[in-house]
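The primary structure of each chain is shown beneath.
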Amino acid sequence: QVQLVESGGGLVQAGGSLRLSCAASGRTFSSMSMGWFRQAPGKEREFVAVIRGFGGIDFAPSVKGRFTISRDDAKNTVYLQMNSLKPEDTAVYYCAAEYIGTSYYTASAYRYWGQGTQVTVSS
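Residues numbered from 1 in each chain as written. Predicted model: local features only at pLDDT ≥ 70, side-chain atom pairs only at ≥ 80, totals over all residues. Heavy atoms only, no water.

**Points about the nonpolar core**
Leu 4, Met 34, Trp 36, Val 78, Leu 80, Met 82 and Tyr 93 are the most contacted members of the largest nonpolar core, which totals 36 residues. Listed by contribution, the elements that provide at least two residues to this core are strand E3 (18-25), strand E4 (34-39), strand E5 (46-51), strand E7 (67-72), strand E8 (77-82), strand E9 (91-99), strand E10 (110-113) and strand E11 (117-122). Here this core gets 6 residues from one element, more than from any other, and that element is E9. Leave out the neighbours within four places in its chain, and Tyr 93 touches Glu 6, Leu 20, Trp 36, Phe 37, Arg 38, Val 48, Phe 67, Leu 80, Met 82, Gly 116, Thr 117 and Val 119. (Core = buried A, V, L, I, M, F, W, Y, C linked by side-chain atoms within 4.5 Å. Buried < 20%, exposed > 50% of the residue type's maximum accessible area, 1.4 Å probe, protein only. Helix = DSSP H or I, 4+ residues; strand = E, 2+ residues; numbered from the N terminus. Contact = heavy atoms within 4.5 Å.)

**A closer look at the pairing of E9**
Taking burial as the measure, the 9 residues of E9 include 7 buried ones, the bulk of the element. By the bridge criterion, 6 bridges tie E4 to E9 in an arrangement that is antiparallel. Following the sheet pairing, Phe 37 is matched in E9 by Tyr 94. (Pairing = 2+ DSSP bridges.)

**Things to note about the pattern of salt bridges**
For the coordinates displayed, the defined rule picks out 5 salt bridges. Note that Arg 66 is salt-bridged to Asp 89, the shortest N-O span being 2.8 Å. With Arg 66 in the loop between strand E6 (57-59) and E7 and Asp 89 in the loop between E8 and E9, this residue pair connects regions lying 23 residues apart in the sequence. Judged by its relative accessible area of 11%, Arg 66 is buried. Judged by its relative accessible area of 1%, Asp 89 falls in the buried class. Put simply, Arg 38, Glu 46, Arg 66 and Asp 89 are held in one network by salt bridges that share partners. (Salt bridge = Lys/Arg side-chain N within 4 Å of Asp/Glu carboxyl O.)

Function cannot be read off these values alone, since they describe shape.
Next comes the structure, spelled out in structure tokens:
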């Protein structure tokens, strides 16, 4: 059993920055793979970034070079630092944990999900 709670979303102008947080509880955090996904109105949920229990990271091509994922095991928290935000980044952002196999880029592969936090980027 894992519980995830996101925070840090809000309204920001294009070119600005936000940092999202995801606090986890229920299991040993240091060994869990943690992913970030987003879902815009009328669109399917899409992969944003992942950080694995051993520290490896990957990003979607659309955010590579602008976003950074990190974790603080002492606080059981994973972060998504978002820089140079664009209007197309507007979406609800979700934290996810424990993907199956190597399918870190597929939402259906994750076992646990947070409630989501809204990010709105104005033009």
